[in-house]
Amino acid sequence: MEKKAWIAEADKVLMHTYNRYPMVLDRGEGMYLYETDGTKYLDFAAGIAVFALGYGNREYNEALKAQVDKLLHTSNYYYNEPAYEAAKALCEASGMDRVFFTNSGTEAMEGALKLARKYYYNKRGAADSEIVAMEHSFHGRSMGALAVTGTKKYREAFGPLIGQVRFARFNDLESVRSLVNEKTAAVVMEAVQGEGGIYPAEPEFLQEVRRLCTEKDILLILDEVQCGMGRTGTMFAYQQYGIEPDIMTSAKALGCGVPVGAFAAKENVASAMVPGDHGSTYGGNPFACSAVRTVFRLYEKLDLCSHVKTVGEYLWNVLEQIRQEFPIVTAHRGIGLMQGLELSAPVGEVVSACMKKGCILITAGGNVIRFVPPLVTEPCHVDEMAGILREALSEVSAKTNE
Ligand SMILES: *Cc1c(COP(=O)(O)O)cnc(C)c1O
């Protein structure tokens, strides 16, 4: 069937919650994706900051295939080796003590919120806690995660959500201070806001929020779903701030393509959960956890975090040049391989133009082009992307000046 006709058929059965690009992706190889008709793309989106290892990593694929032949699923009524090894690796990498595996980022946030409420309930004997979240944050689409997501248009139609959530201004300590009280169970945020437009927390802000939380026995939940797993050049973004959360969430690159997430906590917090408080049929199954275990092994083997620091700096310099060349680029932010360019022209047009020229990019809130490529990106890929981006920016600039 011709591509257009095929897409029309697919659009009849898939729920219309996305305006998809007219691309039918079929296979991947390293930094490149191919459509069913063979069209090749350089991928600077990594399936939304997921495919850290690039496509078709042999060791990763072999590990998954071996697990498929061995055992896919057991439920959590029993132990399995991959879950233990994945949890141990995540604890060692994060500084947390205990892990609960989920199937997605939003589920990880649900678990984190439940844990914070249980901790509060144990402490105060009442289920009347409040949460402080950040404006422009993103934590997922399920009801709890949505309730702490700081973009009104995502929440509006779906109320009533979980109550007693207040939104502080990100990077504004006074705003956080004014919203916490004796009923605040947790402050939740991303160390680097992703969907909201690539806004890193200022070191003093995050450090002071940590101090405030410690002082008032409020739990700090850091959502590392997007900015974690090496994306900023350390395994987790908060490690660059010299602080630790009480609870953290992970997903996206945690499985590098296999759907898996996790929330993890320090022992004094994790111990608030007892058998019966939380569960998941699939969560932590041997297949997903063999992916997680292998991901951690490969990060170490490839020394990916140092690589991200080096290539991230290279990307920074290239995007800085582009910012100076094109007046429609109004700002440049980010850390490591999580960067953004803010434009005064419609980002959608630039991204579509790049797509037509063979490079996949995505956008983020506030008219931002988001750069979250696989972490195995090399400088030559940055140059290839930059060449295409320059052409696209020239075209859109010319149109804007007409
Ligand atoms: C993507 C994302 C989520 C949601 O993860 P899903 O796996 O899509 O549910 C949560 N938090 C952050 C910061 C994210 O970027």
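Structure first, text after, so check above.
Conventions we followed
Residues numbered from 1 in each chain as written. Predicted model: local features only at pLDDT ≥ 70, side-chain atom pairs only at ≥ 80, totals over all residues. Heavy atoms only, no water. Salt bridge = Lys/Arg side-chain N within 4 Å of Asp/Glu carboxyl O. Helix = DSSP H or I, 4+ residues; strand = E, 2+ residues; numbered from the N terminus. Buried < 20%, exposed > 50% of the residue type's maximum accessible area, 1.4 Å probe, protein only. Near = heavy atom within 4 Å. Polar contact = N/O pair within 3.5 Å; in protein donor to acceptor, adjacent residues only side chain to side chain. Areas by Shrake-Rupley, 256 points an atom, 1.4 Å probe, with all protein chains shown as cover. Nonpolar A, V, L, I, M, F, W, Y, C, P; charged D, E, K, R; others polar. Expected span 1.5 Å × (residues − 1). Contact = heavy atoms within 4.5 Å. Pairing = 2+ DSSP bridges. Axes fitted to C-alpha atoms, helices over the stretch in contact; angles between N-to-C directions. Phe/Tyr/Trp six-rings, centres within 6.5 Å; stacked < 30°, edge-to-face > 60°. Lys NZ or Arg CZ within 6 Å of the ring centre and 35° of its normal. Parallel < 35°, antiparallel > 145°, perpendicular 65-115°, else oblique. Left-handed = near helix turned anticlockwise from the far one by under 90°.

Draft legend 1. Just the pattern of salt bridges, in detail. All told, the structure shown has 28 salt bridges when counted by the stated rule. We note a salt bridge from Lys-266 to Glu-244, for which the minimum N-O separation is 2.9 Å. Residue Lys-266 is located in the loop between β12 (261–265) and α10 (267–270), and its partner Glu-244 is located in the loop between β10 (219–223) and β11 (247–250); the two are separated by 22 residues in the primary sequence. Given a relative accessible area of 22%, Lys-266 falls into the partly exposed group. Residue classification places Glu-244 among the partly exposed residues on the basis of a relative accessible area of 32%. Each of Arg-58, Glu-62 and Lys-65 takes part in salt bridges that share partners, so that together they form one network.

Draft legend 2. Region of the structure containing the site of the ligand. All residues adjacent to the ligand are Ser-104, Gly-105, Thr-106, Phe-138, His-139, Gly-140, Glu-190, Asp-223, Val-225, Gln-226 and Lys-252. One nitrogen or oxygen atom from the main chain of Phe-138 is found 3.3 Å from a nitrogen atom belonging to the ligand. A distance of 2.7 Å is found between a nitrogen atom of the ligand and a side-chain nitrogen or oxygen belonging to Asp-223. When the free accessible area of the ligand is taken as 380 Å², the share hidden by the protein chains comes to 82%. Here the shell around the ligand is composed, by residue class, of two nonpolar, six polar and three charged.

Draft legend 3. Inspection of helix α4 (residues 81–94) at higher detail. With 14 residues, α4 should reach 20 Å at 1.5 Å per residue; the first-to-last C-alpha distance of 20 Å fits that figure. Residues Pro-82, Ala-83, Ala-86, Ala-87, Ala-89, Leu-90, Cys-91, Ala-93 and Ser-94 constitute the buried set of α4. Buried residues along α4 sit against α3 (58–70), β4 (98–102), β11, β12 and α11 (286–302). Of the residues that open α4, the one with a side-chain oxygen 2.9 Å from the backbone nitrogen of Ala-83 is Asn-80. Of the residues one or two after α4, Gly-95 is the one with positive phi, at around 85 degrees.

Draft legend 4. The arrangement of the sheet that holds strand β6 (residues 165–168) in detail. The seven strands are arranged β4-β12-β11-β10-β7-β5-β6 in an open sheet whose pairing can be described as mixed. Of all strands in the sheet, those bounded by a partner on one side alone are β4 and β6. Each adjacent strand pair in this sheet contributes to an overall mean axis angle of 20 degrees, direction not counted. Pairing analysis gives three bridges linking strand β5 (residues 130–134) to strand β7 (residues 184–189), with the strands arranged parallel. By the bridge assignment for β7, Val-132 is matched with Val-187. Contacting β4, β11 and β12, α4 runs over the sheet at an angle of about 120 degrees to β4. Along the sheet, helix α9 (residues 203–216) makes contact with β5, β7 and β10, crossing β10 at roughly 145 degrees.

Draft legend 5. Up close: the side chain of Ser-75. Inspection of the secondary structure assignment puts Ser-75 in the loop between α3 and α4. Residue Ser-75 is classed as buried on the basis of its relative accessible area, which comes to 19%. Only 3.2 Å separates the side chain of Ser-75 from the backbone nitrogen of Tyr-77, close enough to count as a polar contact.

Draft legend 6. The packing of aromatic side chains, seen in detail. Enumeration according to the criterion identifies six aromatic pairs in this entry. Between the aromatic rings of Phe-170 and Phe-205, the centroid separation amounts to 5.7 Å while the plane-to-plane angle is 75 degrees, which identifies the pairing as edge-to-face. In this pair, Phe-170 sits in the loop between β6 and α8 (173–179) while Phe-205 sits in helix α9, placing the two residues 35 residues apart along the sequence. Here Phe-170 and Phe-205 have matching classes, each one buried. Here the aromatic rings of Phe-236 and Tyr-238 are separated by 6.0 Å at their centres, their planes lie at 10 degrees, and the arrangement is stacked. Exposure class is identical for Phe-236 and Tyr-238. Each is buried. The ring of Tyr-34 carries the charged tip of Arg-27 above its face, separated from the ring centre by 4.1 Å. In this structure, Arg-333 packs its charged tip against the face of Tyr-199, placed 3.9 Å from the ring centre.

Draft legend 7. Seen up close, the pairing of strand β13 (residues 329–335). Counting buried positions over the seven residues of β13 gives five, a clear majority of the element. Strand direction decides the pairing type here: β13 and strand β14 (residues 338–343), joined by six bridges, are antiparallel. Paired with Val-329 across the two strands is Leu-343, which belongs to β14. Here β13 folds back onto β14, and the loop between the two strands holds two residues, one of which, Gly-336, carries a positive phi near 60 degrees.

Draft legend 8. Spatial organisation of the environment of Ala-272. Within the secondary structure, Ala-272 is located in the loop between α10 and α11. Setting aside its immediate chain neighbours within four residues, Ala-272 contacts Leu-115, Lys-118, Tyr-119, Asn-122 and Asp-277.

Draft legend 9. Seen up close, the packing of helix α12 (residues 304–325) against helix α14 (residues 379–401). Running from N to C, α12 and α14 cross one another at 20 degrees; their axes reach a closest spacing of 10 Å. Classified by the angle their axes make, α12 and α14 are roughly parallel. Classified by chirality, the crossing of α14 by α12 is right-handed. Residue-level inspection shows Val-311, Tyr-314, Leu-315, Val-318, Leu-319, Gln-321, Ile-322 and Glu-325 of α12 in contact with α14, the latter providing Pro-379, Val-382, Asp-383, Met-385, Ala-386, Leu-389, Arg-390 and Leu-393. In the contact of α12 with α14, the residues fall into 12 nonpolar, one polar and three charged.

Draft legend 10. Quick peek at the environment of Gly-150. In this fold, Gly-150 is placed in the loop between α6 (143–147) and α7 (152–155). For Gly-150, a relative accessible area of 15% corresponds to the buried category. Separated by 39 residues in the primary sequence, Gly-150 and Met-189 place their C-alpha atoms 9.9 Å from one another. Not counting the four nearest positions on each side in its chain, Gly-150 is found in contact with Met-134, Glu-135, His-136, Ser-137, Arg-155 and Phe-167.

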